[in-house]
Amino acid sequence: MSQYRPLTPQDAIELAKTLPGPFAADANLECREIGDGNLNLVFHITDQNSDKSIIIKQALPYAKVVGESWPLSLVRARIEREILQEEYRLCPGMVPEVYHYDDDLALTVMEDLSDHVIMRKGLIDGGTYPLFAQHIGEFMARTLFFTSDLGMNQQLKKEKQGRFVNPDQCKITEDLIFDEPYRIAEKNNYEASIEDEAEVLRTDGELHLEVALLREKFLTHGQALLHGDLHTGSIFVTPESTKVIDPEFAYFGPMGFDVGAVLANLLLHYASLPGRIQEQKALHERETILLDMVRDVWTEFESRFRGLWTSDLIDPMAKAPGYQDLYVQQLFRDSAGFAGAKMVRRIVGLAHVADIDTIEDATQRERAQRKALAIGKALIKRNRNLNTIGELLDTVATAVTSIKA
């Protein structure tokens, strides 16, 4: 039996040599550690004699961003691997294929996606992805519908819930998104220039009520098997392809949490644009592209989700007239609220987004932070009253106008 130890690049090469399939016996392997996240080692292994390559991802027993004082269970590696396999079954071609795994070493060997770019970086660099909304809408609709009581045998779903209890990762989410931004907390991280905004977050009772309701839903509503961290840093893209990675925060939770995560990160990038594009015509065009993408992500998801409801529903009581409309309406409202909560935490919480943090001009960076917070707070406060994606975008526009003075 393997005994856990963090791999070195040389260890990763030696492991790769033992795997059946990826490399020829005379392969000349090179390895780079490319992990830029907070929780894992990621090794990119290439054969210099061919064009073949693989990724080896290993979970660490602590959060890299803090150190060994923040221990984490290695069970998340098994959960991530099984989720990738489940997502691959439901959406072949939209997640990396798993080639091999070792649960004792908490590692997974998978398809290399080096021909894609991390979407966050691609957006920062000005990339356009015309098929993204269609792809991610399909991914979310299928993974959420077919792991819910609508599309999965209810007893089988309960059995799967037991396999995907993920307390350490859920605790991170519970603290970083639904708790710490709204009080003085050691892990909070924000620039002194927005201390007034942080104070508002700590004292706004109306906001706290809505966050408490969202937190309750995250804690108790085991609606479907979530990716759990579906942001633009967990998605690889090309103009023709979309691949979802890193589902180590997966658990059975409210569907709107995944949908909201995608919307939030598109809106965070939207908030960053004036700090990146000075020419007004180009800025307006790029902002329009981002807001259209937000609209299209929800529209594509809703259309596909309703289509699956029509073609693959297994719960007979869910055929009751009006139930589908009420279900989707609540899912939309949840998505808006969770999007807002994710935006707020990315400004004042532990882990930020490069879209905003890499804006060089301090004044423009502060404006982007305030814009993101205004949008996030508005979505949180209004989520239970929103009915359409048009109303969500109107809320965004109103929030942005409120900080222009």
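Residues numbered from 1 in each chain as written. Predicted model: local features only at pLDDT ≥ 70, side-chain atom pairs only at ≥ 80, totals over all residues. Heavy atoms only, no water.

Concerning the overall build of the protein chain
Helices and strands together make up the secondary structure of the protein chain, namely 14 helices and 12 strands. Against the 2.2 N^0.38 benchmark of 22 Å for 405 residues, the protein chain shows a C-alpha radius of gyration of 21 Å, consistent with a compact globule. The principal-axis extent of the C-alpha atoms belonging to the protein chain is close to 65 × 55 × 40 Å. For the protein chain, with 405 residues in total, the buried portion stands at 55%. (Helix = DSSP H or I, 4+ residues; strand = E, 2+ residues; numbered from the N terminus. Rg over C-alpha atoms; globule rule 2.2 N^0.38 Å. Buried < 20%, exposed > 50% of the residue type's maximum accessible area, 1.4 Å probe, protein only.)

Some thoughts on the sheet that holds strand β11 (residues 242-244)
Across the sheet, which stays open at both edges, the three strands sit in the order β8-β10-β11 with antiparallel pairing between neighbours. Each edge of the open sheet is held by one strand with a lone partner, namely β8 (117-118) and β11. The pairing of β8 with strand β10 (residues 235-237) spans two bridges and is classified as antiparallel. Residue pairing in the sheet places I118 in a bridge with F236 of β10. The strands touched by helix α4 (residues 132-145) within the sheet are β10 and β11, with β11 carrying the most contacts at an inclination of about 35 degrees. (Pairing = 2+ DSSP bridges. Contact = heavy atoms within 4.5 Å. Axes fitted to C-alpha atoms, helices over the stretch in contact; angles between N-to-C directions.)

Digging into the sheet that holds strand β7 (residues 107-111)
Pairing in this open sheet of five strands is antiparallel, and the strands run β1-β2-β3-β7-β6 from one edge to the other. Each edge of the sheet is formed by a strand with only one pairing partner; in this case those strands are β1 (29-33) and β6 (98-102). Averaged over neighbouring strand pairs, the angle between their axes works out to 20 degrees when direction is ignored. One ladder, built from five bridges, connects strand β3 (residues 53-59) with β7; its direction is antiparallel. Bridging from a neighbouring strand, Q58 pairs with L107 of β7. Contacting β1, β2 (40-47), β3 and β7, helix α1 (residues 9-18) crosses the sheet at an angle of about 135 degrees to β1. Its contacts with the sheet put helix α2 (residues 75-90) on β2, β3, β6 and β7, and the angle it makes with β6 is roughly 160 degrees.

Overview of the pattern of salt bridges
If you walk through the whole model with that rule in mind, you get 34 salt bridges. Among the ionic pairs, E82 bridges to R163, the shortest N-O distance being 2.3 Å. One end of the pair, E82, is in helix α2; the other, R163, is in helix α5 (residues 154-163), and 81 residues separate them in sequence. We classify E82 as buried; its relative accessible area is 15%. R163 sits in the partly exposed class, given a relative accessible area of 41%. Across the pair K381 and E206 runs a salt bridge, and its minimum N-O distance is 3.8 Å. With a gap of 175 residues between them, K381 in helix α13 (residues 362-382) and E206 in helix α8 (residues 205-220) connect regions that are remote in the sequence. (Salt bridge = Lys/Arg side-chain N within 4 Å of Asp/Glu carboxyl O.)

Overview of the environment of A224
Position of A224 among the secondary structure elements: in strand β9 (residues 224-226). As a C-alpha pair, A224 and S272 span 48 residues in sequence and 32 Å in three-dimensional space.

Quick word on the side chain of N166
Note on placement: N166 falls in the loop between α5 and α6 (167-178). On the accessibility criterion, N166 (5% relative accessible area) is buried. In contact with N166, other than residues within four places in its own chain, are R76, I79, E248, F249, A250 and Y251.

A word on the packing of α8 against α13
Viewed as axis vectors pointing N to C, α8 and α13 meet at an angle of 70 degrees, and their least axial separation amounts to 9 Å. Judged by the angle between their axes, α8 and α13 are roughly perpendicular. For the crossing formed where α8 meets α13, the hand is left-handed. Contacts between α8 and α13 pair E206, L207, E210, V211 and L214 from the former with K377, I380 and K381 from the latter. Within the contact of α8 with α13, the residues separate by chemical class into four nonpolar, no polar and four charged. (Parallel < 35°, antiparallel > 145°, perpendicular 65-115°, else oblique. Left-handed = near helix turned anticlockwise from the far one by under 90°. Nonpolar A, V, L, I, M, F, W, Y, C, P; charged D, E, K, R; others polar.)

Details of the UniProt feature "binding site: ATP" (unreviewed entry) in the protein chain
The residues that UniProt annotates with the feature "binding site: ATP" (unreviewed entry) are N40, K57, E111, D112, L113, D246, P247 and E248. Looking at the element boundaries, K57 is found in strand β3. Residue class for K57 comes out buried when judged on its relative accessible area of 7%. Contact partners of K57, with chain neighbours within four places excluded, come to N40, L41, V42, E80, A106, L107, T108, M110, D246 and E248. Here P247 shows up in the loop between β11 and β12 (251-253). On the basis of relative accessibility, which here comes to 0%, the residue P247 falls in the buried class. (UniProt positions renumbered as here; feature names shortened; annotations may be inferred.)

Looking at the packing of aromatic side chains
Under the definition given, this model contains 16 aromatic pairs. For the pair F178 and F257, a centre-to-centre distance of 6.3 Å together with 45 degrees between the ring planes defines the contact as tilted. Taken together, the residues span a long stretch of sequence, with F178 in helix α6 and F257 in helix α9 (residues 255-272) at a distance of 79 residues. By relative accessible area, which is 1% here, F257 ends up buried. Ring centres 6.3 Å apart and planes at 65 degrees place the aromatic pair F305 and W309 in the edge-to-face group. Taken as a pair, F305 and W309 lie in helix α10 (residues 280-312) at a separation of four residues, close to a single helical turn. Through pairs of rings, three or more aromatic residues link up here, namely F145, F146, W298, F301, F305, W309, Y323, Y327 and F332. Of note, R81 hangs over the ring of Y101, and the distance from its end group to the ring centre comes to 3.5 Å. Against the face of Y270 rests K371, its NZ or CZ located 5.3 Å from the ring centre. (Phe/Tyr/Trp six-rings, centres within 6.5 Å; stacked < 30°, edge-to-face > 60°. Lys NZ or Arg CZ within 6 Å of the ring centre and 35° of its normal.)

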